[in-house]
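Now for the letters of each chain:
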Amino acid sequence: MPSHVSISEVGPRDGLQSVKATMPTAHKCAWITALHAAGLREIEVGSFVPARLLPQMADVAEVIRHALTLPGLTVMALVPNLRGAEAAMAAGVHRIALPVSASEAHSLANVRKTREQMVDEVRRIVARRDALAPGVGIEAGVSTAFGCTLQGTVAEDDVLRLAADLARAGADEIGLSDTTGMANPAQVRRLFQRVRAEIGERTGAAHMHNTRGLGLANCLAAYDVGVRTFDSSQGGLGGCPYAPGASGNVVTEDLVYMFESMGVSTGIDLETLMAARAALQAGLPGEPLYGMTPDAGLGRDFVYADGRTPRDGRLGAAGTAA
Ligand code: ZN
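Owing to the predicted nature of the structure, the values given are computational and were not obtained by experimental measurement.

Scanning the protein chain from N- to C-terminus turns up 13 helices and eight strands. In summary, the protein chain has a C-alpha radius of gyration of 18 Å against a globular reference of 20 Å for 322 residues, a match within 12%. Considered along the principal axes of its C-alpha atoms, the protein chain spans approximately 55 × 40 × 35 Å. Every one of the 322 residues in the protein chain was classed for burial, and the buried ones make up 56%. Intrachain contacts of the protein chain at a sequence separation of at least 6 include 72% that bridge at least 24 residues. Carbon and sulfur atoms make up 52% of the accessible area of the protein chain, which amounts to about 12,900 Å² in all. Mean positive and mean negative side-chain charge positions of the protein chain (29 and 34 charges, respectively) differ by 4 Å.

With that settled, the discussion passes to unusual backbone geometry. Even without being a glycine, arginine 112 presents a positive backbone phi close to 55 degrees. Relative to the helices and strands, arginine 112 is located in the loop between α5 (104–111) and α6 (115–132). Phi at threonine 144 is positive, roughly 50 degrees, even though this residue is not glycine. Counting through the fold element by element, threonine 144 comes out in the loop between β5 (137–143) and α7 (156–168).

The protein atoms donating to the zinc ion are Asp14 (OD), His207 (NE2), His209 (NE2) and Asn249 (OD1), with metal-donor distances spanning 2.0 to 2.1 Å. On the primary sequence, the residues serving as donors to the zinc ion are separated as D-x192-H-x1-H-x39-N. Taken together, the positions of histidine 207 in strand β7 (residues 203–207) and asparagine 249 in the loop between β8 (229–232) and α10 (252–261) put the pair 42 residues apart, joining distant regions of the chain. For the pair histidine 207 and asparagine 249, a shared accessibility class is recorded, and that class is buried.

Now for the nonpolar core. By size, the foremost hydrophobic cluster in this structure holds 93 residues, and its most contacted members are Phe192 and Phe230. Looking at which element gives the most residues to this core, the answer is α7, with six residues. Not counting chain neighbours up to four residues away, the residues in contact with phenylalanine 192 comprise Phe146, Leu176, Thr203, Gly204, Ala205, Ala206, Met208, Ala222, Val225 and Val227.

Time to look at the packing of aromatic side chains. The tally for this structure, following the rule as stated, stands at four aromatic pairs. With a centroid separation of 5.1 Å and 25 degrees between ring planes, the pair formed by tyrosine 257 and phenylalanine 302 is classed as stacked. A residue pair is termed long-range when its members are at least 10 positions apart, and tyrosine 257 in helix α10 and phenylalanine 302 in the segment after α13 (293–296) qualify at 45 residues. Judged by relative accessible area, tyrosine 257 falls into the partly exposed class, the value being 28%. Pairing phenylalanine 302 with tyrosine 304 gives two aromatic rings, centres 5.0 Å apart and planes at 80 degrees, and the pair type is edge-to-face. Taken as a pair, phenylalanine 302 and tyrosine 304 share a single burial class, namely buried.

Okay, the environment of leucine 150 next. Assignment of secondary structure puts leucine 150 in the loop between β5 and α7. According to the relative accessible area criterion, leucine 150 is partly exposed, its value standing at 42%. Sequence separation of leucine 150 and serine 103 is 47 residues, and the distance between their C-alpha atoms is 8.4 Å.

Position of threonine 293 relative to the elements: it lies in helix α13. Not counting residues up to four positions away in its chain, the partners in contact with threonine 293 are Glu253, Asp254, Tyr257, Met274 and Leu298.

Attention shifts here to α6. The terminal C-alpha atoms of α6 lie 25 Å apart, and with 18 residues this matches the ideal 26 Å at 1.5 Å per residue to within 8%. Those residues of α6 that sit buried are Met118, Val119, Glu121, Val122, Ile125, Val126 and Arg129. Along the axis of α6, the buried residues cluster in a sector spanning 155 degrees; they form a single face. Across from the buried face of α6, at angles greater than 90 degrees, the exposed residues are Glu116 and Ala131. In the core, the buried residues of α6 are packed alongside α4 (82–91), β4 (95–101), α5, β5 and α7.

What counts, and at which threshold
- Residues numbered from 1 in each chain as written.
- Predicted model: local features only at pLDDT ≥ 70, side-chain atom pairs only at ≥ 80, totals over all residues.
- Heavy atoms only, no water.
- Helix = DSSP H or I, 4+ residues; strand = E, 2+ residues; numbered from the N terminus.
- Rg over C-alpha atoms; globule rule 2.2 N^0.38 Å.
- Buried < 20%, exposed > 50% of the residue type's maximum accessible area, 1.4 Å probe, protein only.
- Contact = heavy atoms within 4.5 Å.
- Areas by Shrake-Rupley, 256 points an atom, 1.4 Å probe, with all protein chains shown as cover.
- Lys, Arg positive; Asp, Glu negative; His and termini not counted.
- Charge placed at Lys NZ, Arg CZ, Asp CG, Glu CD.
- Donors = N, O, S within 2.8 Å, 3.2 Å for Na, K, Ca; no water.
- Core = buried A, V, L, I, M, F, W, Y, C linked by side-chain atoms within 4.5 Å.
- Phe/Tyr/Trp six-rings, centres within 6.5 Å; stacked < 30°, edge-to-face > 60°.
- Expected span 1.5 Å × (residues − 1).
- Arc of directions from axis to C-beta.

Right, here's the structure in full:
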């Protein structure tokens, strides 16, 4: 039996909040449907931040309402604070993602709160969750875990202390995010190992960026030390508006290709996934999309981890199956 990883698609949140244009609601829903059809079973569909700060996300409740109709899909939304968490729970999400920065400078710039104030916020959110919607999972993502463009080096001990504080505050999972694209594989391996030694099974997803071309290498390094959930976005859409120069999440298509070709099952059909790029592009005309696999196609010899062979190995950049 092949080993398995879970890929959490963050494009509709991380991607869409980083581009200038706003994708119309109907297009967002069509794109999420296409991602679900490709086999993605966890999608971060939006964020609950004030519309004056992120007009791209003003329709998040409506997008969630649609996503909740897709069978077997874990619907996730990002929230910056308790108010956002309450709105997300009212909208019916299954999981909440909460970024907490390991860099004090990034935390103040991003949410105008210190790290300690954010841990307190997580504690309040957990209490409210327990009272209102006990089934909802809370995943804290330690952002700038591998370095910060504002502060520079982020001490590993700071990341470990924050992860332990977040676990004590009641977060179900604590992941590590390379918000600024500064991580390297040796660092990823070491930090995930240290975090796992600190908080055990609460260790969550690897959220890697491809800013310097190391996104896949960093995901593989995390996989090697036991990480089994990975965030990525279709076409590499996304970055961080408060980390200048940080653009591009790991490309979902390339990540799926890497794992499937090495015999690790993702549950995702790459051809259907690449076809979903058309839905993304229809909603964001002219926006550049990244990814090597969509350009090259799957190739004649590609075999999925479960032994399936592609329907059409020539599938290419246009994302249309012959
Ligand atoms: Zn990201």
